[in-house]
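One-letter residues, chain by chain:
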Amino acid sequence: MPRKWFERSRLNLTETCATENSRVIEDDGNAERRRLAEADSGERPWRGWGPYLSERAWGTVREDYSPHGNAWDYFPHDQARSRCYRWNEDGMAGICDDRQTFCFALALWNGKDPILKERMFGLGGDLGNHGEDVKEYWWYLDSTPTHSWMRWRYHYPQGAFPYDDLVAENTRRGRDEPEYELVDTGVFDEDRYWAVEVDYAKAGPTDLCVLIRIQNMGPDPATLHVLPTLWFRNTWAWGLPGRDYMPEIRAKDNGLLAEHRLLGRLALTGDGTPRALFCNNETNGPRIWGKPGREYPKDGIGDHIIHGADSVNPDGVGTKGALHYLLSVPAGGTHEIRLRLNLNAPGAKDLAPADLKADFASTMARRKAEADVYFASLVPAAATAEEKMIVRQAVAGLMWGKQFFHFDVARWLTGDPVSEPPPDSRRFGRNSHWWHMNSCDVLSMPDPWEYPWYAAWDLAFHCVAIARVDPGFAKEQLLLLLREWYMHPNGQIPAYEWAFGDVNPPVHAWAALRVFVLDGSRDFDFLARVLHKLLLNFTWWVNRKDAEGNNVFEGGFLGLDNVGPFDRSAALPVGGRLEQSDGTAWMAMYALNLLDMSLTLAVHDRVYEDIAAKFLEHFAYIADAAYEFGLWDEEEAFFYDVLRTADGHQIPLKVRSVVGLLPLTATTIISSSTLRRLPDVAARLRWFLTNKPEYGDVVGAKKSRGGQQLRLLSMVGPDQLIRILQRMLDEDEFLSPYGLRTLSRAHKDEPFTVQLGDHAYTVGYEPGESTSGLFGGNSNWRGPIWMPVNYILIEAVRRFAEFFGDDLQVEYPAKSGRMATLAAVADDLSHRLVKLFLDDEHGHRPVFGEADLFQHDPAWHDLLLFYEYFHGDTGAGLGAAHQTGWTALVLDLILTLRG
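Described below are features of the structure shown in this document.

Cut-offs and rules
Residues numbered from 1 in each chain as written. Predicted model: local features only at pLDDT ≥ 70, side-chain atom pairs only at ≥ 80, totals over all residues. Heavy atoms only, no water. Helix = DSSP H or I, 4+ residues; strand = E, 2+ residues; numbered from the N terminus. Rg over C-alpha atoms; globule rule 2.2 N^0.38 Å. Buried < 20%, exposed > 50% of the residue type's maximum accessible area, 1.4 Å probe, protein only. Areas by Shrake-Rupley, 256 points an atom, 1.4 Å probe, with all protein chains shown as cover. Lys, Arg positive; Asp, Glu negative; His and termini not counted. Charge placed at Lys NZ, Arg CZ, Asp CG, Glu CD. Salt bridge = Lys/Arg side-chain N within 4 Å of Asp/Glu carboxyl O. Pairing = 2+ DSSP bridges. Contact = heavy atoms within 4.5 Å. Axes fitted to C-alpha atoms, helices over the stretch in contact; angles between N-to-C directions. Left-handed = near helix turned anticlockwise from the far one by under 90°. Nonpolar A, V, L, I, M, F, W, Y, C, P; charged D, E, K, R; others polar. Parallel < 35°, antiparallel > 145°, perpendicular 65-115°, else oblique. Phe/Tyr/Trp six-rings, centres within 6.5 Å; stacked < 30°, edge-to-face > 60°. Lys NZ or Arg CZ within 6 Å of the ring centre and 35° of its normal. Core = buried A, V, L, I, M, F, W, Y, C linked by side-chain atoms within 4.5 Å. Expected span 1.5 Å × (residues − 1). Disulfide = S-S within 2.5 Å. Polar contact = N/O pair within 3.5 Å; in protein donor to acceptor, adjacent residues only side chain to side chain.

**Observations concerning the overall build of the chain**
Thought 1: Looking only at helices and strands, the chain features 26 helices and 35 strands.
Thought 2: Taken over the C-alpha trace, the chain has a radius of gyration of 28 Å; the compact-globule value for 899 residues is 29 Å, and the two agree within 12%.
Thought 3: Judged by the C-alpha coordinates and their principal axes, the chain covers about 85 × 65 × 55 Å.
Thought 4: Taking all 899 residues of the chain together, the buried fraction comes to 64%.
Thought 5: On the chain, roughly 31,800 Å² of surface is accessible, and the fraction owed to carbon and sulfur atoms is 49%.
Thought 6: Computing the positive centroid from 93 side-chain charges and the negative centroid from 126, the chain places the two 4 Å apart.

**Focus on unusual backbone geometry**
With glycine set apart, most residues show a phi of negative sign, and most peptide bonds adopt trans.
Thought 1: Residue Pro813 follows Tyr812 across a cis peptide bond; omega there is -10 degrees.
Thought 2: In this fold, Pro813 is placed in the loop between strand 32 (809–811) and strand 33 (819–821).
Thought 3: The phi dihedral of His147 is positive, around 60 degrees, even though this residue is not glycine.
Thought 4: Relative to the assigned elements, His147 resides in the loop between strand 6 (138–143) and strand 7 (149–157).

**Digging into the pattern of salt bridges**
Thought 1: Per the counting criterion, the structure on display carries 68 salt bridges.
Thought 2: With a closest N to O distance of 2.8 Å, Asp372 and Arg392 form a salt bridge. One end of the pair, Asp372, is in helix 8 (residues 358–378); the other, Arg392, is in helix 9 (residues 385–400), and 20 residues separate them in sequence.
Thought 3: Residue classification places Asp372 among the partly exposed residues on the basis of a relative accessible area of 23%.
Thought 4: Across the pair Lys654 and Glu636 runs a salt bridge whose closest N-O atoms are separated by 3.5 Å. Pair noted here: Lys654 is in the loop between strand 24 (650–653) and strand 25 (667–671) and Glu636 is in the loop between strand 21 (632–633) and strand 22 (638–639), with a separation of 18 residues, a long-range link.
Thought 5: Here the residues in one salt-bridge network are Arg151, Arg153, Glu197, Asp199, Arg213 and Glu336, joined through shared partners.

**Brief notes about the sheet that holds strand 16 (residues 320–329)**
Thought 1: Spatial strand order, 1-2-3-10-16-14: six strands in an open sheet with antiparallel pairing. Of all strands in the sheet, those bounded by a partner on one side alone are strand 1 (49–50) and strand 14 (275–279).
Thought 2: The sheet contact formed by strand 1 and strand 2 (residues 92–97) spans two bridges and is antiparallel. Directly across from Trp49, in strand 2, lies its bridge partner Asp97.
Thought 3: The strands touched by helix 7 (residues 300–307) within the sheet are strand 3 (102–109), strand 10 (222–232), strand 14 and strand 16, with strand 14 carrying the most contacts at an inclination of about 130 degrees.

**Examining the packing of helix 13 (residues 508–518) against helix 15 (residues 581–602)**
Thought 1: Between helix 13 and helix 15, whose axes approach to 8 Å, the crossing angle comes to 40 degrees. Judged by the sense of rotation from one axis to the other, the crossing of helix 13 with helix 15 is left-handed. Along its contact with helix 13, which presents Ala509, Trp510, Ala512, Leu513 and Phe516, the element helix 15 presents Met589, Tyr590, Asn593, Leu594, Asp596, Met597 and Thr600.
Thought 2: Its residues placed into classes, the contact of helix 13 with helix 15 shows nine nonpolar, two polar and one charged.

**With respect to the packing of helix 2 (residues 31–41) against helix 8**
Thought 1: Helix 8 packs onto helix 2 with a crossing angle of 90 degrees between their chain directions and a minimal axis gap of 8 Å. The orientation of helix 2 with respect to helix 8, classified from their angle, is roughly perpendicular. Here Ala31, Glu32, Arg33 and Arg35 of helix 2 come into contact with helix 8, specifically with Arg367, Glu370, Tyr374, Ser377 and Leu378.
Thought 2: A breakdown of the residues in the contact of helix 2 with helix 8 according to their chemical character gives three nonpolar, one polar and five charged.

**So, the packing of aromatic side chains**
Thought 1: Within this structure, the stated rule accounts for 63 aromatic pairs.
Thought 2: With 4.6 Å between their ring centres and 45 degrees between their planes, Phe161 and Tyr163 make a pair best called tilted. Here the two residues Phe161 and Tyr163 agree in accessibility, since each one is buried.
Thought 3: For the ring pair Trp786 and Tyr869, a centre distance of 4.7 Å and an interplane angle of 15 degrees mean the geometry is stacked. Of the two residues, Trp786 sits in the loop between strand 31 (759–763) and helix 21 (787–804) while Tyr869 sits in strand 34 (residues 869–870), which places them 83 residues apart along the sequence. When sorted by exposure, Trp786 lands in the same class as Tyr869, which is buried.
Thought 4: Aromatic rings pair up to connect Tyr65, Trp87, Phe405, Phe407, Trp412, Trp434, Tyr454, Tyr486 and Phe500 into one cluster.
Thought 5: Stacked on the ring of Trp412, the Lys or Arg Arg426 has its end atom at 3.7 Å from the ring centre.

**Comments concerning the nonpolar core**
Thought 1: Core analysis: the biggest nonpolar cluster contains 215 residues, and Met597, Phe619, Leu664 and Leu822 have the highest contact counts within it.
Thought 2: When neighbours within four sequence positions are excluded, Leu664 is seen to be in contact with Val716, Leu721, Ile724, Leu725, Met728, Leu793, Ala796 and Phe800.

**Here's the deal with helix 16 (residues 608–628)**
Thought 1: Spanning 21 residues, helix 16 covers 30 Å between terminal C-alpha atoms, matching the ideal 30 Å at 1.5 Å per step.
Thought 2: Within helix 16, 15 of the 21 residues are buried, leaving the element largely enclosed by the surrounding structure.
Thought 3: At the exit of helix 16 stands Gly630, carrying a positive phi of roughly 85 degrees.

**Brief notes about the state of the cysteines**
Thought 1: In total, this model carries zero disulfides according to the counting rule given.
Thought 2: A disulfide-free cysteine, Cys103 has its sulfur positioned 5.3 Å from the sulfur of Cys96, the nearest such atom.
Thought 3: Cys103 sits in the buried class, given a relative accessible area of 0%.
Thought 4: With no disulfide of its own, Cys463 lies 19 Å from the sulfur of Cys440, the closest cysteine sulfur.

**Remarks on the sheet that holds strand 23 (residues 641–645)**
Across a sheet, strands are paired by hydrogen bonds formed along the backbone, either parallel or antiparallel in direction.
Thought 1: Spatially, 20-23-24 is the arrangement adopted by the three strands of the open sheet, whose pairing is antiparallel. Each end of this open sheet is capped by a strand with a single partner; those strands are strand 20 (576–579) and strand 24. The sheet shows a mean angle of 20 degrees between the axes of neighbouring strands, direction not considered.
Thought 2: Pairing of strand 20 with strand 23 involves four bridges; the strand directions are antiparallel. When the sheet's bridge partners are listed, Arg577 is paired in strand 23 with Arg644.

**Some words on the environment of Glu259**
Thought 1: Locating Glu259 in the fold gives a position in strand 12 (residues 255–260).
Thought 2: Since its relative accessible area comes to 29%, Glu259 is described here as partly exposed.
Thought 3: Between the alpha carbons of Glu259 and Lys135 there is a distance of 36 Å; along the sequence they are 124 residues apart.
Thought 4: Excluding residues that lie within four positions of it along the chain, Glu259 makes contacts with Phe232, Tyr245, Pro247, Glu248, Gly264 and Arg265.
Thought 5: Polar side-chain contacts of Glu259 include one of 2.6 Å to the side chain of Arg265.

**Things to note about the pairing of strand 26 (residues 701–705)**
Thought 1: Here strand 26 runs beside strand 27 (residues 708–714); their pairing, made up of five bridges, is antiparallel. Paired with Arg705 across the bridge in strand 27 is Gln708.
Thought 2: Connecting strand 26 to the next strand, strand 27, in antiparallel fashion are two residues, including Gly706 with a positive phi near 60 degrees.

**Let's talk about the side chain of Asn284**
Thought 1: The residue Asn284 is located in the loop between strand 14 and helix 6 (285–288) in this model.
Thought 2: Using a relative accessible area of 12% as the deciding quantity, one classes Asn284 as buried.
Thought 3: For Asn284, the side chain forms a polar contact with the main-chain nitrogen of Arg287, separated by 3.2 Å.

**A few points about helix 7**
Thought 1: With six of eight residues buried, helix 7 is to be regarded as a mostly interior element.
Thought 2: Every buried residue of helix 7 is listed here: Gly300, Ile301, Gly302, His304, Ile305 and Ile306.
Thought 3: Elements in contact with the buried residues of helix 7: strand 3, strand 10, strand 14 and strand 16.
Thought 4: Gly308 sits one or two residues past helix 7 and shows a positive phi near 70 degrees.

Pasting the structure below:
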């Protein structure tokens, strides 16, 4: 079938669109920025409605009330269509308000599947041979920061979806085999699938135009059921006092009318003559529990469509309603459905009839054109067309990754009044010490399907990328995790839903500084609020993760999963403690971040000079301790973790990994102009170097440039820097064609093994998916390329370049005989990461690996997925497929390179 569809206008509406488009580009280039300003000031709630509906609510900790915490088993995909969620909802191409009072999403049926397609299918950790994994293909193609314009795309097979085949084959495969993906089943052969696109355009904060475009990509005519669905999140069935109010949805003309006493009156209007179907967002008691339940439960619409069951309410009322369109589309043909969703607040007059013609077309064209102008102003003209596409889709993923997250931990621990009490094990099990947490917020998620919950260090990296387009939201996110309903009373920042008490790297301060700078270095109130809370968190680290009080830190997991020979979060294989190079490096960097914050604030308020002096000295103690207590191996010129056994022996774990590169990040520069403006800090620095000269190696290096003196504070001195870079920039070790590996490739032929007690523990180079079961095997730090650590190491190299200028050059790549400045090295490392998504000389994108359909079919080739990590040798995308949060840092790399 010829591929001409992608050359047509994406809107494909009317001649009015083109005229409207041209006028907007000429006159209204700052429209999206004005909306952002209105949202930030509270003038108009442009962020109130957004893509905050999760891609997956089943299989989450929130919904798990089992004795043993088996979330995937307790609420599996098979029950999701029939069982009411307690905490939040999910759906495809979904939107909701910022308290998820209402939800709107798309449902489909190809006439052959055993169930209605209402949510994405994937495997839990017990079924996937490399951990949990989604088995569908959808993309976030566009979104402005206020969600005034959004686009989403999904490829839906026309044949029966191979649920059983995917489960059976992935269960059969071992960890040494690749994952069995949907494309491997043959279900897309002969292009027998539907390309479904959903475009959203806001006519106002609560007036949303929706265009659903259905294209038959196959060689034969085909039929598709399309069901735009509106429902209320169930807040009434849990027996909470005063919360038993039930809203309702009824048919009205060719649409749905939803009434809610707090929200108001919500109307969904569709073109054509759809059939309105109604059920209730309640559990199907007989199917799930074998007990009676409320009439017309959650799966009623699906059972009626597929089986002809009497499972929809004949009275035309419920808490869940859908408009049923039955489409027959010729081969290669396209059908469009127009919808409009708008709200009248409580007490307002009746809704005006929804315009689905001229005003609809004008709104769609205007918002798209405004988005085009906005992104044209964001991305430098020097960027290539491909780079501009990467930036736009990366921003889209970030914006679609914002999800409503509701979790009252105290209520979850004790149970709801009408529910059976949770098992006794819950009182002492997962998250039992985090009873104070009560989340009811929109948060940036790592991956809306695989990780549909926030993770503290992921979110920090997300915010750096988000700050490029919406610094207000980025600042709000960083502050949110420091609020009293998130941060533990002892000062710990919650890690992630599966274990809030786990320990993530302390990158919050680093992210806050980056966001502050990207926002114009003017929001000192934000910086001060962050600093005050982080003082509590820094103290928690010092009190809890420095067992001996010697400024060498532990930390355990620290986000790096299986990078070491054993699970660093579990009990050690032998008595003693593990002193970690990465934990110590993160804390040295943390001290410098707080130093930089306090110096910035002290220029406006001298009170912060005392804090600056404190962190200057604390950094020096931490940096020096790494050498004094043996984390630095002088012979091998690398930092290693050290296991100190109970009987006093010291066992260096000589794994050349990112653990030993992270000390590079503990680096900052203080200028003489800053010290002149802060005489107390300058005096304290002079006293410190005079009276404690042993710390001169980490705070003493000086350079003159641009009429002022620069002082380098660094955990790594010039000699150590050059020696570490010799390994980091060696293509036989860390340097890959597509960035830096997390484990040296030297361990491919020489795995590291340590004998502890009766067991030997080994780490070998694994460039792709993990063959280890540590942390479920769904991620791998033993060789692949991870965007966040690459990004933070590149930033470190740039800081060294700022200090040394052209005076310091290194061999790059190592052993090549070619010398380069550190600035040139940072640029090239950035280019290597960007290259993951760019076509090579053969027209292949490394990110797609061996997936022929993605590499060669124009209908797939420009649809990007932002993976969790990338193969250390080939650059193929691995892990979570929509990890746009931290992998979206590629947009910052592009803007920096081209800016």
